[in-house]
Amino acid sequence: MAKHWDCGWALDESSPSWPTVCALHRTVIRAPETTEPPGARNKQAFELNGGTGTHVDAPSHFIAGGRNIDQLHLSELVDIPLAVVDVSAACKENPDHQATRDEFIADEERHGGILPGSLVCVRTGWSARHREAEQMLRAGTPGPWTPYHGKGPEEDVHPDYKLPRMHFPGVAAAAAEWLVQSRQMVGLGVDTLSPDAGASEGFKTHHAVLGADRYIVENLNLEGLPARGARVTVAPVALRGAPEAPARVFATLA
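Going by what an unreviewed UniProt entry lists, the protein chain is known as Kynurenine formamidase and is assigned to Symbiodinium natans.

J.: Explain empty space enclosed by the protein to me, please; I cannot follow it from the model alone.
T.: One water molecule sets the probe size; rolling that probe over the atoms shows where empty space is left. Counted under the stated rule, the structure contains one cavity of 30 Å³ or more. By volume, the largest cavity is sized at about 40 Å³. Looking at the lining of the largest cavity residue by residue, the classes come out as four nonpolar, four polar and two charged.

J.: I tried to follow the packing of aromatic side chains on my own but got confused; where do I start?
T.: Between two aromatic rings, the relevant description is the distance of the centres plus the angle of the planes. Under the definition given, this model contains three aromatic pairs. Ring centres of Trp 18 and Tyr 161 lie 5.3 Å apart, and the angle between their planes is 85°; this geometry places the pair in the edge-to-face category. In this pair, Trp 18 sits in the loop between strand S1 (3-6) and strand S2 (25-30) while Tyr 161 sits in the loop between helix H3 (127-138) and strand S8 (170-171), placing the two residues 143 residues apart along the sequence. This pair shows no difference in class: Trp 18 is buried, exactly as Tyr 161 is. Seen from their ring centres, Trp 18 and Phe 168 are 6.3 Å apart, and the 85° between their planes marks the pair as edge-to-face. Of this pair, Trp 18 sits in the loop between S1 and S2 while Phe 168 sits in the loop between H3 and S8, and the two are 150 residues apart along the sequence. One aromatic cluster is present, formed by Trp 18, Tyr 161 and Phe 168 through successive ring pairs. Arg 129 extends its terminal NZ or CZ atom over the ring of Trp 126, reaching a point 4.0 Å from the ring centre.

Reading the values: the criteria
- Residues numbered from 1 in each chain as written.
- Predicted model: local features only at pLDDT ≥ 70, side-chain atom pairs only at ≥ 80, totals over all residues.
- Heavy atoms only, no water.
- 1 Å grid on protein atoms, 1.4 Å probe; cavity = no way out; pocket = protein on both sides within 12 Å on 5 of 7 lines; lining within 4 Å.
- Points joined across faces, edges and corners; volume = space filled by probe spheres on them.
- Nonpolar A, V, L, I, M, F, W, Y, C, P; charged D, E, K, R; others polar.
- Phe/Tyr/Trp six-rings, centres within 6.5 Å; stacked < 30°, edge-to-face > 60°.
- Helix = DSSP H or I, 4+ residues; strand = E, 2+ residues; numbered from the N terminus.
- Buried < 20%, exposed > 50% of the residue type's maximum accessible area, 1.4 Å probe, protein only.
- Lys NZ or Arg CZ within 6 Å of the ring centre and 35° of its normal.

Listed below in structure tokens is the structure:
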């Protein structure tokens, strides 16, 4: 029997997201309680930022003239090899940790090589923060800050996103470049808000991946996945011309 994983998070009004984007807003248009049979039905409308929840960044998110979400090929999204690299121990010690080339090589020595055409996902252990954040938001914690974001001091304003500097782990740009050039990955996945560590500047890892015409998947749940052997399907909403889109991500181990 094959084993399956849902590698994303259900999206609702309490989902933690990047603090500068709008949260999900839902309008109930019709409900069974407010409509009469035989036309009784449930109908809702949604407004959300394309980069909300578990989502895919297409190259055009940062690269002028880059491909949009609807231009990603099925061959790079459907039933592709999955490599999961665990750096959670280092991230537990240092919330600003950026996964390095040496860590990827050490992981290959333990678990085998990263196959060409893989989606390479980095497990930092911060998916636990996502659960904490949802609980706090549902409990009515004011403001955009949650344990998942790792709030920095109020006086340390980040030059890129103009808010107090966040502290969560990511992937070093040089390591991302190595994955593109030496391992021919089709995409990079993380269980945090971004592959660029929260305290880093310039979104260099975004540029390293998207500038090589690959894609990024953010806000994944990577718990329980094997290091190698699984296959993954990434299914973003096919919004024409969109630089980002929410996605379902499924992994299977035969």
